[in-house]
Amino acid sequence: MPRRAGLTGWINRQIAKPGFQYFASALPFGRSMARRDGADIFDLLQGFVAAQVLGALVETGILRALLDGPRSAEALGFRHDVPADRMAQLLRAGAALGLLKRRRDGAYALARKGAAILGVPGLENMIRHNSEFYADMADPMALLRGESETRLARFWPYVFGSKGEVAPEAADRYSTLMAESQVLVARDTLKMLPLKGKQRVMDVGADRACSCSKCCGGTRRRGESCSICPR
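Quick notes on the rules
- Residues numbered from 1 in each chain as written.
- Predicted model: local features only at pLDDT ≥ 70, side-chain atom pairs only at ≥ 80, totals over all residues.
- Heavy atoms only, no water.
- 1 Å grid on protein atoms, 1.4 Å probe; cavity = no way out; pocket = protein on both sides within 12 Å on 5 of 7 lines; lining within 4 Å.
- Points joined across faces, edges and corners; volume = space filled by probe spheres on them.
- Helix = DSSP H or I, 4+ residues; strand = E, 2+ residues; numbered from the N terminus.
- Nonpolar A, V, L, I, M, F, W, Y, C, P; charged D, E, K, R; others polar.
- Buried < 20%, exposed > 50% of the residue type's maximum accessible area, 1.4 Å probe, protein only.
- Contact = heavy atoms within 4.5 Å.
- Axes fitted to C-alpha atoms, helices over the stretch in contact; angles between N-to-C directions.
- Left-handed = near helix turned anticlockwise from the far one by under 90°.
- Core = buried A, V, L, I, M, F, W, Y, C linked by side-chain atoms within 4.5 Å.
- Parallel < 35°, antiparallel > 145°, perpendicular 65-115°, else oblique.
- Patch = residues over 30% accessible without salt bridge, like charges linked within 9 Å, V, L, I, M, F, W, Y side chains within 5 Å.
- Areas by Shrake-Rupley, 256 points an atom, 1.4 Å probe, with all protein chains shown as cover.
- Salt bridge = Lys/Arg side-chain N within 4 Å of Asp/Glu carboxyl O.
- Expected span 1.5 Å × (residues − 1).
- Bend = angle between axes of the 7 residues up to and from the residue.

Enquirer: For this particular structure, what's the right way to read the layout of surface pockets?
Expert: A probe matching the size of a water molecule, rolled over the atoms, marks out where space remains unfilled. Each pocket or cavity is described by its volume, and for the largest pocket that value is around 370 Å³. Those elements that provide at least two residues to the lining of the largest pocket are helix H1 (2-15), helix H2 (18-25) and helix H3 (28-59). Counting residues per element, the lining of the largest pocket draws most heavily on H3, at seven residues. Residues of the lining of the largest pocket, tallied by class, amount to ten nonpolar, four polar and one charged.

Enquirer: Teacher, can you tell me more about the environment of Leu63 here?
Expert: In this fold, Leu63 is placed in helix H4 (residues 62-65). According to the relative accessible area criterion, Leu63 is buried, its value standing at 1%. A sequence separation of 52 residues divides Leu63 from Ala115, and the C-alpha atoms of the two residues are 7.5 Å apart. With near-sequence residues (within four places) excluded, Leu63 lies in contact with Leu57, Val58, Leu100, Leu110, Gly114, Ile117 and Leu118.

Enquirer: It is not clear to me how the packing of H3 against helix H6 (residues 84-96) should be interpreted in this structure. Could you clarify?
Expert: Between two packed helices, both the angle of their axes relative to each other and the distance between the axes serve to describe the pair. H6 packs onto H3 with a crossing angle of 115° between their chain directions and a minimal axis gap of 10 Å. Between H3 and H6 lies a crossing of left-handed hand. Counted together, Val53, Ala56 and Leu57 of H3 and Leu90, Ala93 and Gly94 of H6 form the full contact between these two elements. Taken together, the residues that form the contact of H3 with H6 break down as five nonpolar, one polar and no charged.

Enquirer: Please clarify how the nonpolar core should be interpreted in this entry.
Expert: Generally speaking, a soluble globular protein has its nonpolar side chains buried in company with each other. The biggest cluster of nonpolar side chains holds 19 residues, and the ones touching the most others in it are Leu57, Ile62, Leu63, Met87, Leu91 and Leu100. Elements that contribute at least two residues to this core include exactly H3, H4, helix H5 (73-80), H6, strand S2 (108-110) and helix H7 (112-118). The leading source of residues in this core is H6, at four residues.

Enquirer: Please clarify how unusual backbone geometry should be interpreted in this entry.
Expert: Trans is the prevailing form of peptide bonds, just as negative phi is the prevailing case for residues other than glycine. Notably, Asp81 is not glycine yet its phi reads approximately 60°, a positive angle. Relative to the elements of secondary structure, Asp81 occurs in the loop between H5 and H6.

Enquirer: Would you mind showing me how to read the packing of H5 against H6 here?
Expert: As a packed pair, H5 and H6 sit with axes 8 Å apart at the nearest point and diverge in direction by 110°. Compared by their axis directions, H5 and H6 come out roughly perpendicular. When the axes of H5 and H6 are compared, the crossing they make is right-handed. Residues Ala73, Glu74, Leu76, Gly77 and His80 of H5 lie in contact with H6, whose contacting residues are Ala84, Met87, Ala88 and Leu91. Looking at side-chain class alone, the contact of H5 with H6 contains six nonpolar, two polar and one charged residues.

Enquirer: I tried to follow a nonpolar patch on the surface on my own but got confused; where do I start?
Expert: Taken together, the side chains of Leu7, Trp10, Ile11, Ile15, Phe20 and Phe23 present a nonpolar region at the surface, about 590 Å² in accessible area. Listing elements by their share of the nonpolar patch, those giving two or more residues are H1 and H2. With four residues, the single largest contributor to the nonpolar patch is H1. Along the chain, Phe23 turns up in helix H2. For Phe23, a relative accessible area of 51% translates into the label exposed.

Enquirer: Quick question: what am I supposed to make of H3 here?
Expert: The end-to-end C-alpha distance of H3, which contains 32 residues, comes to 46 Å, matching closely the 46 Å that a straight helix rising 1.5 Å per residue would cover. At Gln46, H3 shows its largest kink, close to 45°. Here H3 has its buried residues at Gly30, Ala50, Val53, Gly55, Leu57 and Val58. In this structure, the buried residues of H3 make contact with H2, H4, H6, strand S1 (100-102) and helix H8 (123-136).

Enquirer: Teacher, can you tell me more about the pattern of salt bridges here?
Expert: Side-chain pairs of opposite charge can arise where the charged atoms are in close proximity. Counted under the stated rule, the structure contains three salt bridges. With its nearest N and O atoms 3.9 Å apart, the salt bridge here joins Glu59 to Arg128. Pair noted here: Glu59 is in helix H3 and Arg128 is in helix H8, with a separation of 69 residues, a long-range link. For Arg128, a relative accessible area of 33% corresponds to the partly exposed category. With its nearest N and O atoms 3.2 Å apart, the salt bridge here joins Asp105 to Arg103. Assessed through its relative accessible area of 39%, Arg103 is described here as partly exposed.

Printed below as a string of structure tokens:
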């Protein structure tokens, strides 16, 4: 084990040298590896930017607005009180991510990937709440040391074990998001269950927005939901 660890350490030290990277990239097997690693590292570097672009498109409602048809940067900028040139930057970034597509006339339309985001229950709300986590990550060392209460904990007090009463709006926000996301879980569960020949399915402890009757929609089975509330 020590010898193997020593060899791994030696290899890593060589890879960390710019000269070795230049040499390896000239070799056939090294060239493909260097390109693959380089692409992965770039994805890590631009991941935060991509997430911010996605968050802006969701928060402004641009993705949903484009469901009605293509819009220009000027029209969207006027709608959201954003200068047209700044809005154009956001739209170009969305197109680079494959969420939007630019037409020949300069207007922007919704791309297939952008439309798919709108079709996932609860995904837009999940994207919106990421802004709280990004604010906490502005000082990652303070976050790791636990020096102060995080914004994410204040946003989701129900999850992080807040003591005392939870504000009704916070509880409702959490319940709504969980209810929306449970639709996906329920549908996948129904796909995995051996229901051949079964005509009726009962969901005990049904959620307010994810009832069995809703998840059985589009099938010949009849779904019945039964909520059990503790007294």
